[in-house]
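Commentary on secondary and tertiary structure
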Amino acid sequence: MTVFFKFILICFAVLAFSFVPSHPSLAQDLSVYRNPAAANRVPLNSEQQKPTAATLQNTLVEIIDLNRAAKQAHWNVEGPLFYQLHILLDEFVEDYRQDSDIVAERLLAIHHSADGRPKVVSQTAQLPVFPEGYLNDYEVVDVLSQRLNTVTQRVRDRINTLDEFDLVSQDVLIEVERDLAEHLWMLREFQQQNALNSTSQTQAS
Ligand SMILES: [Fe+2]
């Protein structure tokens, strides 16, 4: 390497180093972002925040549980209704994925962390352990329907509670309830007497 090229390389190195901020100036720059007053810029006061966060957190773990239960059933369902349920349950899974994200981010919006860790879900959702292994299609419909019914009733109670504390979080739970009630309806339709008659008529013809 010629002396000239060495000189050029050294010049580049010196120039690049001059753009790297030294530690004291970096610390000084970060300090301009700090503002203790920002901690008070949250939409709810402490009396509203605590019960609101509790309703959102309880709903979050239940929706995550429903997500895993529906996926478990999507995989393990067997029987004549396998394909219909296999497809339908993946739609439920996607709804629960979106709903859990909305509920979790509302928690953050009211300045409270969201806890969706598997251990926390299993310890706090207060729902029965989902059955293991293969499941008949009629069992899947019944087990999921019971689970959905339980969560729907709890969410409806929380909607009433939030009337007093936060109407925006109440609105979030109303959207969640809309999905839950729709899923409940779809499962209920598999269990109606007319549905059973039409199935037996189809099989007889
Ligand atoms: Fe799948």
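The present account deals with the structure reproduced in this document. Note that the coordinates shown come from a computational prediction; the quantities given were computed from them, not determined experimentally. (Residues numbered from 1 in each chain as written. Predicted model: local features only at pLDDT ≥ 70, side-chain atom pairs only at ≥ 80, totals over all residues. Heavy atoms only, no water.)

Scanning the protein chain from N- to C-terminus turns up 8 helices and 2 strands. Listed N to C, the secondary structure of the protein chain is α-α-α-β-α-α-β-α-α-α in terms of helices and strands. Looking at the 205 residues of the protein chain, the share that counts as buried comes to 33%. Of the contacts formed within the protein chain by residues at least 6 apart in sequence, a portion of 79% connects residues at least 24 apart. For the protein chain, the computed accessible surface area is about 13400 Å², with 57% contributed by carbon and sulfur atoms. (Helix = DSSP H or I, 4+ residues; strand = E, 2+ residues; numbered from the N terminus. Buried < 20%, exposed > 50% of the residue type's maximum accessible area, 1.4 Å probe, protein only. Contact = heavy atoms within 4.5 Å. Areas by Shrake-Rupley, 256 points an atom, 1.4 Å probe, with all protein chains shown as cover.)

In this section: the layout of surface pockets. Empty pockets left among the atoms are what a rolling probe the size of a water molecule brings to light. Quantified by volume, the second largest pocket comes out at close to 240 Å³. Lining the second largest pocket we find 14 residues, and of these Asp-65, Ser-122, Val-129, Phe-130 and Arg-147 sit closest to its centre. Within the residue set of the lining of the second largest pocket, elements represented by two or more residues are helix H3 (46-76) and helix H5 (118-124). Top element by residues in the lining of the second largest pocket is H3. It accounts for 4 residues. Of the residues contributing to the lining of the second largest pocket, the split by class is 8 nonpolar, 3 polar and 3 charged. (1 Å grid on protein atoms, 1.4 Å probe; cavity = no way out; pocket = protein on both sides within 12 Å on 5 of 7 lines; lining within 4 Å. Points joined across faces, edges and corners; volume = space filled by probe spheres on them. Nonpolar A, V, L, I, M, F, W, Y, C, P; charged D, E, K, R; others polar.)

A few words on the nonpolar core. Formed by 42 residues in total, the largest nonpolar core has its most connected members in Phe-92, Tyr-96, Val-103, Val-140, Leu-144, Leu-148 and Leu-180. At the level of elements, H3, helix H4 (82-109), H5, helix H6 (137-162) and helix H7 (167-190) are the ones that each hand at least two residues to this core. It is H3 that contributes the most residues to this core, 10 residues altogether. Setting aside residues no more than four positions away along its own chain, Leu-180 makes contact with Leu-66, Tyr-96, Leu-148, Val-151, Thr-152 and Val-155. (Core = buried A, V, L, I, M, F, W, Y, C linked by side-chain atoms within 4.5 Å.)

With a phi close to 70°, His-111 is a non-glycine residue in the positive phi region. The topology assignment puts His-111 in the loop between H4 and H5.

To continue, consider the packing of aromatic side chains. Following the criterion strictly, the structure yields 1 aromatic pair and no others. Residues Phe-92 and Tyr-96 carry aromatic rings whose centres are separated by 6.4 Å and whose planes lie at 70° to one another, so their mutual orientation is edge-to-face. Placement of both Phe-92 and Tyr-96 in helix H4 is noted, with a separation of 4 residues, approximately one turn of the helix. Note on accessibility: Phe-92 and Tyr-96 belong to one class, buried. (Phe/Tyr/Trp six-rings, centres within 6.5 Å; stacked < 30°, edge-to-face > 60°.)

A few words now on the pattern of salt bridges. Under the definition given, this model contains 9 salt bridges. One salt bridge in this structure joins Arg-154 and Glu-62, with 2.8 Å as the shortest N-O distance. Of the two residues, Arg-154 sits in helix H6 while Glu-62 sits in helix H3, which places them 92 residues apart along the sequence. Of the residues examined, Glu-62 reaches a relative accessible area of 2% and is grouped as buried. As a salt-bridge pair, Glu-175 and Arg-178 come within 2.9 Å of each other at their nearest N and O atoms. One end of the pair, Glu-175, and the other, Arg-178, are both in helix H7, 3 residues apart, so they sit about a helical turn from each other. Each of Glu-62, Arg-154 and Arg-158 takes part in a single network of salt bridges with overlapping partners. (Salt bridge = Lys/Arg side-chain N within 4 Å of Asp/Glu carboxyl O.)

All right, on to the environment of Glu-62 then. For the pair Glu-62 and Val-121, spaced 59 residues apart in the sequence, the C-alpha separation amounts to 7.2 Å. If sequence neighbours within four positions are ignored, Glu-62 has contacts with Ala-125, Leu-127, Val-151, Arg-154, Val-155 and Arg-158.

Secondary-structure assignment places Asp-99 in helix H4. No salt bridge forms around the buried Asp-99; measuring N to O, its nearest opposite-charge neighbour Arg-178 is 9.1 Å away. Not counting residues up to four positions away in its chain, the partners in contact with Asp-99 are Ile-63, Val-176 and Asp-179. (Lys, Arg positive; Asp, Glu negative; His and termini not counted.)

With that out of the way, let us pick up H3. Taking 1.5 Å of rise per residue, the 31 residues of H3 would be expected to cover 45 Å, and the 45 Å separating its terminal C-alpha atoms lies within 8% of that figure. Its side-chain oxygen 3.0 Å from the backbone nitrogen of Glu-47, Asn-45 forms the N-cap of H3. (Expected span 1.5 Å × (residues − 1). Polar contact = N/O pair within 3.5 Å; in protein donor to acceptor, adjacent residues only side chain to side chain.)

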